[in-house]
Amino acid sequence: EAAGEAEAILTVQRANADSKGKRGGYMSRTGRNRRERDRRNKDRISQEQAIQEKHSRREMRKQKKEREKVRKNPIKAGLGWLFQIIVVILFAYIAVFFFGQSRTNIGQAMNSTLSGGDVVLLNELSYRFSGPSREDVISFKLNGSEDTHSYIRRVIGLPGETIQIIDGMIYINGSVYLETQGFPQMENAGMAAQEITLGEDEYFVLGDNRNQSEDSRFADMGNVKLEDIEGKVWAVLSPSDHRGLVK
């Protein structure tokens, strides 16, 4: 019995020793893995720092070269700055002159697209290379007179086309023209009750408020010539609650 108990004790001791050895091996591997991760993180941080330092040195050298250029040749540097300023002013002038000219809409002929008193912006560049497109909203001077205010209407008929209004419907070259927006049906066809043929530089225009509009249907306005068109109305500037693009 004594021998059996001794053998059992030895077995337990060997099992405990094996368990400790395994735990020790696991702890050892865990420690090695942690140290390896720490080393990789340090290497990555060091690489990032090296890249940042390299970039900073490059920027410092670039700035130093620029300062040297200015110090050695201040006239050339000054001319370079002057050229940049002129370019900026030129672009600003073009933007304002061709896209920032404003007009005020007079009357109710363009309701509900525009209201009386709306200040709109013109694109004066668009018609220097080609004429207006159908349904463009344009600004023009009546018969080219500089003594009158600018009129704003929508283009319906293009040069060379025939226009007629029958029972409130628009006919272009003999076919019914279906507008993309829901404007009021016209009660008065005016001169367009008879077929109108447009000249090579003439446009037939209508107000969006069809029954409260003076436009190409009537002799006081008639067809609009290309040379009298100031530009395309592309945006409402004020009042603020009307601000937006013109469709």
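The rules behind each value
Residues numbered from 1 in each chain as written. Predicted model: local features only at pLDDT ≥ 70, side-chain atom pairs only at ≥ 80, totals over all residues. Heavy atoms only, no water. Helix = DSSP H or I, 4+ residues; strand = E, 2+ residues; numbered from the N terminus. Buried < 20%, exposed > 50% of the residue type's maximum accessible area, 1.4 Å probe, protein only. Contact = heavy atoms within 4.5 Å. Areas by Shrake-Rupley, 256 points an atom, 1.4 Å probe, with all protein chains shown as cover. Patch = residues over 30% accessible without salt bridge, like charges linked within 9 Å, V, L, I, M, F, W, Y side chains within 5 Å. Salt bridge = Lys/Arg side-chain N within 4 Å of Asp/Glu carboxyl O. Lys, Arg positive; Asp, Glu negative; His and termini not counted. Charge placed at Lys NZ, Arg CZ, Asp CG, Glu CD. Pairing = 2+ DSSP bridges.

Engineer: How should the overall build of the protein chain be read in this particular structure?
Structural biologist: For the protein chain, the count of helices and strands is two helices and 12 strands. The helix and strand sequence of the protein chain, counted from the amino end, reads α-α-β-β-β-β-β-β-β-β-β-β-β-β. Counting only residues that meet the buried cut, the protein chain has 30% of its 247 residues in that class. Contacts spanning at least 24 positions in sequence make up 61% of the contacts within the protein chain whose residues lie at least 6 apart. Here the protein chain displays about 16,500 Å² of accessible surface, and carbon together with sulfur accounts for 54% of that area.

Engineer: Explain a positive patch on the surface here, please?
Structural biologist: A grouping of Lys54, Arg57, Arg58, Arg61 and Lys65 is seen on the molecular surface, where their side chains present a positively charged patch. The residue Arg58 is located in helix α1 (residues 2–72) in this model. Of the residues examined, Arg58 reaches a relative accessible area of 40% and is grouped as partly exposed.

Engineer: Is there a simple way to explain the sheet that holds strand β8 (residues 196–197) in this structure?
Structural biologist: Read from one edge of the open sheet, four strands run β7-β6-β5-β8, paired in antiparallel fashion. Both outer strands of the open sheet, β7 (175–176) and β8, are each paired with one neighbouring strand and no more. With two bridges connecting them, strand β5 (residues 162–166) and β8 associate as antiparallel partners. Across the sheet, Ile163 pairs through a bridge with Ile196, a residue of β8.

Engineer: In this structure, what is going on with the pattern of salt bridges? I would like to understand it.
Structural biologist: Should their charged atoms come close, side chains of opposite charge can pair. Under the defined criterion, the tally for this structure stands at eight salt bridges. Among the salt bridges present, the one from Arg154 reaches Asp208, with a minimum N-O distance of 2.8 Å. Of this pair, Arg154 sits in strand β4 (residues 150–157) while Asp208 sits in the loop between β9 (202–206) and β10 (224–225), and the two are 54 residues apart along the sequence. Accessibility classification places Arg154 together with Asp208 in one group, the buried group. For Asp215, the salt bridge is made with Arg217, and the minimal N-O distance between the two is 2.9 Å. The burial state of Asp215 is the same as that of Arg217; both residues are buried. It is possible to trace a salt-bridge network through shared partners that takes in Arg103, Glu124 and Glu230.

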